Amino acid sequence: MKKFEREIEAFIKDFVKDLREKNVGIFAGAGLSKQAGYVNWPDLLRDIADEIGLNVDVEHDLISLAQYHVNEFGGSKAKIIKKILEEFSEQAEETENHKILSRLPISTYWTTNYDTLIEDSLKKVNKIVDVKYDVDQLSHIKPKRDAVIYKMHGDVNHPSKSILTKEQYEEYHRTHEFFITALSGDLISKTFLFLGFSFTDPNLDYVLSRLRLRFYGNMRQHYTFMKKVTQGQDSDDIYKYNIRKQQLRVNDLKRYGIKVLMVDDYDVITDVLTEIENRFKTSTVFISGSAEDYGDMGREAAQAFIHKLSKSIITNGFNIVNGFGWGVGSAVINGSLEGIYEKPDKFSQDQLTIRPFPQFETGKKKLSELWQEYRENMISLAGVILIVFGNKKVVDSKTGNEVIVNANGVSQEFEIAIAKGLVPIPIPSTGFVAKEIYEKVLANKDKYLINKDIIPFLEKLTDDKISEKEIIEIIVNIIKTINI
C-alpha cells in the first residue's frame, strides 16, 4: 500500500468508500484531455485571436474572445467550428488516468471537453456508454447502459451544436436548462472528483452558486487537485503573491463544497488513482479452485465448507468473483446467494459475479486462448485470490485409466493474480494445488506478500487442530486487514 500525505490519504479512503456505494461522479476538464495531446482553450483559440488582432497569451476572458471573432465575421461560427474539427477529430490515445477511471464502477461523467476520450476508454473495457451532448437526448435512455457522459459544451462529431461564445454561455441557463437540472441533481447526490478543471467555466459557476445558496452548510463534499505554487524564476515578492492568491482560490472553492488536494506535480494524480483502484479491488475476492477429489474432507464436508466460506465473505460486506470451477462453483454460488437473500436490504446480488468458462471455440480464437482471456478479465476485477483444492480428472495416456492430477488452470490463475498484484490466500487444508501454493507463498513471503500484517493469520492455517469455522474466521480477518 503506497503512502500519501495525510489529506490525500483521507481522500482515498473516503473516495473508495463512495465507489463501493456507487456514489461517485467525474467532472473532466481540458487538463485531462491535454495529457493525451489535445489542445486546451488558449491553444484552440490562438489562430482565432490572431485573425482579430489579439494575443491569446495576454487575454484572460477567452469566451469573450470567441465572441469577438464571431462578431467580426458577421455572426458566423464557421471558423471556430472548423478549428474544433481540425483539433479534436484526430485520434489520440487515452491516458492512464482515462484507463483507470474506465475500470472503476463510475456511472456518471460530466465534461466540458469536445473529444471522445472518455467514451472511447469506457468502450474498450466493454462498457455500454450513453452520451448526451444535446438537451433532446436527456429523455432517451440507452438500454443496459453502464455509464452516462454529459458533454455540457458539445461533441466533436456535432460541432455546430457546441457552446463556444459568450452569447451562448449567457443563454445556457435557458437553452440547456435541463442539463443544469441534471448536473445539480448529481452534485447533490454524488461525490465528484474534478480532474483537469480550472473552475473558470461560467456554466459550472452558475450551478455551484445556486447549490451553495440552496444547501448552504449542508453541501456534499467534492474534490479536485491543484499543483502547489513553485518559485521558479520568480522574485520572492511575486512568489509570495502567487502563494497568497492560491490560498485565496483554495478557500473560495470551499464555499462550493470542493476540497482542494495539493500536489507537487500533476503526475501524482495517476499514482492516487492507481491506489484508489487497488484499494477498491481488495474488497473483491476471486475464488479459484476445482475439485474432482476432495481428499480427507470428503465431498459433502468440502461443499459445506465452501458454502459457509462464501456466505461469510458476502455477509461481511465483500464481493466474490468466480468462474464456476468444477466441483467448487455451485457451492460458491449457493453460499453467496444464501447470504444475500437472508438480508436483501443489506446485501446485494451485485456482490456476486459469476463468469462460466466458454465451452466452444468462437471465431479465430482457440478454446485455450478464450480461457486465458477469461481468467485475465475475471482476476482483473479482484484484489484477493482465494485458492481451494485444485485438481481434475484426466485419462492416463499410457494406461487409459482415469487419474486425479493437480489442475494447471488453478496454478495459472495464481500466476496471473500475482502478476496483477492480488493478495493470495491459499487454504492448505484443502490440499492439491492450494497446498502447493501455500507452501510456495510462505517460503517466499517477500515476493508474494506485500502486506506483512496478514502473515500471522496465514501461518495459523497450518494448525492441525484448527476447525473449519476458525479457518473461515481467519480468512475473513485477512480480507478485513487488507481493507483497513
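Our subject is the structure listed above.
Since the structure is predicted, the reported quantities are computational estimates derived from the model, not experimental observations.

**What to know about the sheet that holds strand E10 (residues 352-354)**
Reasoning step 1: Strand order in this open sheet of five strands is E10-E9-E8-E11-E14, and the pairing throughout is parallel. Whereas interior strands pair on both sides, the edge strands pair on one side only; in this sheet they are E10 and strand E14 (423-426). Neighbour-to-neighbour, the strand axes of this sheet turn through a mean angle of 20°, independent of strand direction.
Reasoning step 2: Pairing geometry for strand E9 (residues 319-322) and E10, over three bridges, is parallel.

**Regarding the environment of Gly383**
Reasoning step 1: Here Gly383 is to be found in the loop between helix H17 (367-380) and strand E11 (384-389).
Reasoning step 2: Taking the C-alpha atoms as reference points, Gly383 and Ile472, separated by 89 residues in sequence, lie 18 Å from one another.
Reasoning step 3: Not counting the four nearest positions on each side in its chain, Gly383 is found in contact with Lys281, Thr282, Thr284, Leu422 and Val423.

**Structural notes on the packing of aromatic side chains**
Reasoning step 1: In total, this model carries twelve aromatic pairs according to the counting rule given.
Reasoning step 2: Ring geometry for Trp110 and Tyr150: centres 4.2 Å apart, planes at 15°, overall stacked. One end of the pair, Trp110, is in strand E2 (residues 108-111); the other, Tyr150, is in strand E4 (residues 147-151), and 40 residues separate them in sequence.
Reasoning step 3: The buried category is assigned to Trp110, whose relative accessible area is 0%.
Reasoning step 4: Looking at Tyr150, the relative accessible area reads 13%, which means it is buried.
Reasoning step 5: With a centroid separation of 6.1 Å and an interplanar angle of 80°, the aromatic rings of Trp110 and Phe179 are classed as edge-to-face.

**Quick look at the packing of helix H7 (residues 96-103) against helix H14 (residues 268-281)**
Reasoning step 1: Two numbers describe how H7 lies on H14: the axes approach to 10 Å, and their chain directions differ by 20°. Here H7 is positioned roughly parallel relative to H14, judged by the angle of their axes. Here H7 and H14 pass one another in a crossing that is left-handed. Mapping the contact onto sequence places Glu96, Asn97, Ile100, Leu101 and Arg103 in H7 and Ile269, Thr270, Leu273, Thr274 and Glu277 in H14.
Reasoning step 2: Per-class residue counts for the contact of H7 with H14 are four nonpolar, three polar and three charged.

**Re empty space enclosed by the protein**
Reasoning step 1: The tally for this structure, following the rule as stated, stands at two cavities of 30 Å³ or more.
Reasoning step 2: As for the largest cavity, its lining consists of Ile26, Leu32, His98, Leu101, Ser102, Tyr109, Ile118, Ser121 and Leu122.
Reasoning step 3: Sorting the residues of the lining of the largest cavity by element identifies H7 and helix H8 (117-124) as the ones contributing at least two each.
Reasoning step 4: The residue inventory of the lining of the largest cavity, partitioned by class, reads six nonpolar, three polar and no charged.

**Some words on the packing of helix H15 (residues 299-315) against helix H22 (residues 468-482)**
Reasoning step 1: At a minimum axis distance of 10 Å, the contact between H15 and H22 shows a crossing angle of 35°. Relative to H22, H15 is oriented so that their crossing is right-handed. Counted together, Ala301, Phe305, Lys308, Leu309, Ser312 and Ile313 of H15 and Glu468, Ile471, Ile472, Ile475, Val476 and Ile479 of H22 form the full contact between these two elements.
Reasoning step 2: Across the contact of H15 with H22, the residue classes break down as nine nonpolar, one polar and two charged.

**Some remarks on the sheet that holds strand E1 (residues 24-28)**
Reasoning step 1: With parallel pairing, seven strands are arranged side by side in an open sheet as E3-E4-E2-E1-E5-E6-E7. The sheet is open, and its two borders are formed by strand E3 (129-132) and strand E7 (258-263), each paired with just one other strand. Averaged over all adjacent pairs, the angle separating strand axes in this sheet is 20°, with direction ignored.
Reasoning step 2: Summarising the sheet, E1 and strand E5 (residues 191-195) pair through five bridges and their orientation is parallel. Bridging from a neighbouring strand, Ile26 pairs with Leu193 of E5.

So, how was this worked out
Residues numbered from 1 in each chain as written. Predicted model: local features only at pLDDT ≥ 70, side-chain atom pairs only at ≥ 80, totals over all residues. Heavy atoms only, no water. Pairing = 2+ DSSP bridges. Helix = DSSP H or I, 4+ residues; strand = E, 2+ residues; numbered from the N terminus. Axes fitted to C-alpha atoms, helices over the stretch in contact; angles between N-to-C directions. Contact = heavy atoms within 4.5 Å. Phe/Tyr/Trp six-rings, centres within 6.5 Å; stacked < 30°, edge-to-face > 60°. Buried < 20%, exposed > 50% of the residue type's maximum accessible area, 1.4 Å probe, protein only. Parallel < 35°, antiparallel > 145°, perpendicular 65-115°, else oblique. Left-handed = near helix turned anticlockwise from the far one by under 90°. Nonpolar A, V, L, I, M, F, W, Y, C, P; charged D, E, K, R; others polar. 1 Å grid on protein atoms, 1.4 Å probe; cavity = no way out; pocket = protein on both sides within 12 Å on 5 of 7 lines; lining within 4 Å. Points joined across faces, edges and corners; volume = space filled by probe spheres on them.

From the geometry alone we can't say anything about function, so treat these as descriptive.
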